[in-house]
Amino acid sequence: MRLGIFGGSFDPIHYGHLRIAEEFADLLALNRVDLLPTANPPHRQALQAGNVARLEMVRLAIAGNPRLGLDARELQRSGPAYTFDSLCELRAELGPQLKLSWLIGADSFLSLDRWHRWRELLDLAHLAVACRPGFDLLRWKELASPELAEQVLPRIQTLSVTDPLDAGTIALLPTTPLAISSTAIRAQLATGHSARYLLPDTVLDYAGRHLLYQAAK
Ligand code: ATP
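Residue numbers run consecutively from 1 along every chain, following the written order of its sequence. For this predicted model, a pLDDT threshold of at least 70 governs which residues receive local features, and a threshold of 80 or more governs which side-chain atom pairs are given and counted, while totals over whole chains, interfaces and linings are taken from all residues. To get the side-chain values, all heavy atoms of the structure are used, and hydrogens and water are removed first.

- The name recorded for the chain in an unreviewed UniProt entry is Probable nicotinate-nucleotide adenylyltransferase, from Chitinimonas taiwanensis DSM 18899.
- UniProt positions are given in the numbering used here, feature names are shortened, and annotations may be inferred rather than shown by experiment. The UniProt entry for the chain carries the following comment under Pathway (unreviewed entry): "Cofactor biosynthesis; NAD(+) biosynthesis; deamido-NAD(+) from nicotinate D-ribonucleotide: step 1/1."
- Comment text from UniProt for the chain, heading Catalytic activity (unreviewed entry), reads "nicotinate beta-D-ribonucleotide + ATP + H(+) = deamido-NAD(+) + diphosphate".

**So, the pattern of salt bridges**
So, point 1. Should a side-chain nitrogen of Lys or Arg be within 4 Å of a carboxyl oxygen of Asp or Glu, the pair is scored as a salt bridge. One pass over the structure, following the stated rule, counts 12 salt bridges.
So, point 2. A salt bridge links Asp71 to Arg73, with the shortest nitrogen-to-oxygen separation between them at 2.9 Å. Both residues of the pair, Asp71 and Arg73, count as buried. Relative accessibility decides the category of a residue: with a 1.4 Å probe and only protein chains considered, values under 20% of the type maximum give buried, values over 50% give exposed, and everything between is partly exposed.

**Observations regarding helix α9 (residues 182-190)**
So, point 1. Each helix is a run of DSSP H or I of at least 4 residues and each strand a run of E of at least 2, with the numbering of both proceeding from the N terminus. Here α9 has its buried residues at Ser182, Ile185, Arg186 and Leu189. Along the axis of α9, the buried positions cluster into a sector of 100°, meaning they face one direction only.
So, point 2. By definition, residues are in contact when any of their heavy atoms lie within 4.5 Å. At its buried positions, α9 is contacted by α1 (15-27) and α10 (201-209).
So, point 3. Positive phi shows up at Gly192, right after α9, with a value of about 80°. This arc is built from the directions going out from the helix axis to the C-beta atoms.

**As for the site of the ligand**
So, point 1. In these notes, residues near a molecule or strand are those with any non-hydrogen atom within 4 Å of it. In the vicinity of the ligand lie 22 residues, with Asp107, Ser108, Arg132, Leu178 and Thr183 positioned nearest.
So, point 2. Under this definition, polar contacts are N or O atom pairs within 3.5 Å; protein pairs additionally need one hydrogen-donor-capable and one acceptor-capable atom, and for neighbouring residues in sequence, both atoms have to be side-chain atoms. One of the backbone nitrogen or oxygen atoms of Ser9 is found 3.0 Å away from an oxygen atom of the ligand.
So, point 3. Within the side chain of Ser108, a nitrogen or oxygen atom sits 2.8 Å from an oxygen atom of the ligand.
So, point 4. The protein chains hide 93% of the 590 Å² of surface that the ligand would expose on its own. Under the convention used here, a 1.4 Å probe and the Shrake-Rupley method define accessible areas, while residue burial counts only the protein chains that appear.

**As for the sheet that holds strand β6 (residues 170-173)**
Strand pairs in the sheet, formed through backbone hydrogen bonds, run parallel or antiparallel to each other.
So, point 1. The 6 strands lie next to each other as β3-β2-β1-β4-β5-β6, forming an open sheet whose pairing is parallel. With one partner strand each, in any of the chains shown, β3 (68-70) and β6 form the two edges of the open sheet. Across the sheet, the mean angle separating the axes of adjacent strands is 25° when strand polarity is ignored.
So, point 2. The pairing of strand β1 (residues 2-8) with strand β2 (residues 32-37) spans 6 bridges and is parallel. For Leu3, the partnering residue across the bridge sits in β2 and is Arg32. Pairing between strands is defined by DSSP: at least two bridges between them are needed. Between N-to-C directions, angles cover 0 to 180 degrees, with each direction set by a line fitted to C-alpha atoms, over the stretch in contact for helices.

**Considerations on the packing of aromatic side chains**
So, point 1. The criterion for an aromatic pair is that two Phe, Tyr or Trp rings (for Trp, the six-membered ring) have centres within 6.5 Å, with stacked assigned to planes under 30 degrees apart, edge-to-face to planes over 60 apart and tilted to the rest. Applying the stated criterion across every chain yields a total of 2 aromatic pairs.
So, point 2. Here the aromatic rings of Trp102 and Trp115 are separated by 5.2 Å at their centres, their planes lie at 70°, and the arrangement is edge-to-face. On the criterion of sequence distance, the pair formed by Trp102 in strand β4 (residues 99-105) and Trp115 in the loop between α5 (106-110) and α6 (118-124) is long-range, its members being 13 residues apart. Residue Trp102 shares its accessibility class with Trp115, and that shared class is buried.

**What about the environment of Arg186?**
So, point 1. Mapping Arg186 onto the fold places it in helix α9.
So, point 2. When its relative accessible area of 17% is taken as the criterion, Arg186 is described as buried.
So, point 3. With 152 residues separating them in the primary sequence, Arg186 and Asp34 have C-alpha atoms 24 Å apart.
So, point 4. When near neighbours in sequence (up to four residues on either side) are disregarded, Arg186 contacts Asp11, Pro12, Gln48 and Tyr213.

So, in structure tokens, the structure goes:
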């Protein structure tokens, strides 16, 4: 069993997220990728849509794809929800042998050293980094802080599905670059523009019905 985890605020979830989750599953031959909506991201500003709405949008977005699942654990926790805690919980539940891979986008990777207990994250899981337009992974050594570069460099490996290790390596995934962001979608909707084809219609309809990102009238 090879499990992938993909955390995000998903405010709202869009095709940039869905495509990297699909390619992550494909490239690493994962049995399942669980999308894990985050609550109150500690290093980010407040989210616009509530927990229930973000959860429902993820549910709608992954409907019909048996390889994508939903893990709501961080929304059920009170207080700050850290990826470190979620990975610890998953390790405790699934055992030390399970191959666990955690997906993040290139922008998140370049600021990994701002994450809670970031050095220990790699003891718990492999890290897979997806391409994101505007964040050049080929230049990550220049862009990352010296400490991050020093910690990360020895762990970067060529992608290998048959790697016997259960955690600890970093794979830079050659995912399709899609310049889609939740911030841009929220801005489009708030100014009355179309966000169609940037995210699933079911998610867009849900956001519209619940007036999640509309401009205040
Ligand atoms: P925002 O625009 O509000 O920052 P976002 O579009 O980055 O939102 P998040 O839910 O914050 O969405 O992202 C969750 C994870 O998905 C992060 O690791 C981020 O790097 C990654 N990600 C989001 N959009 C893309 C994309 N278009 N391509 C690659 N990675 C992405």
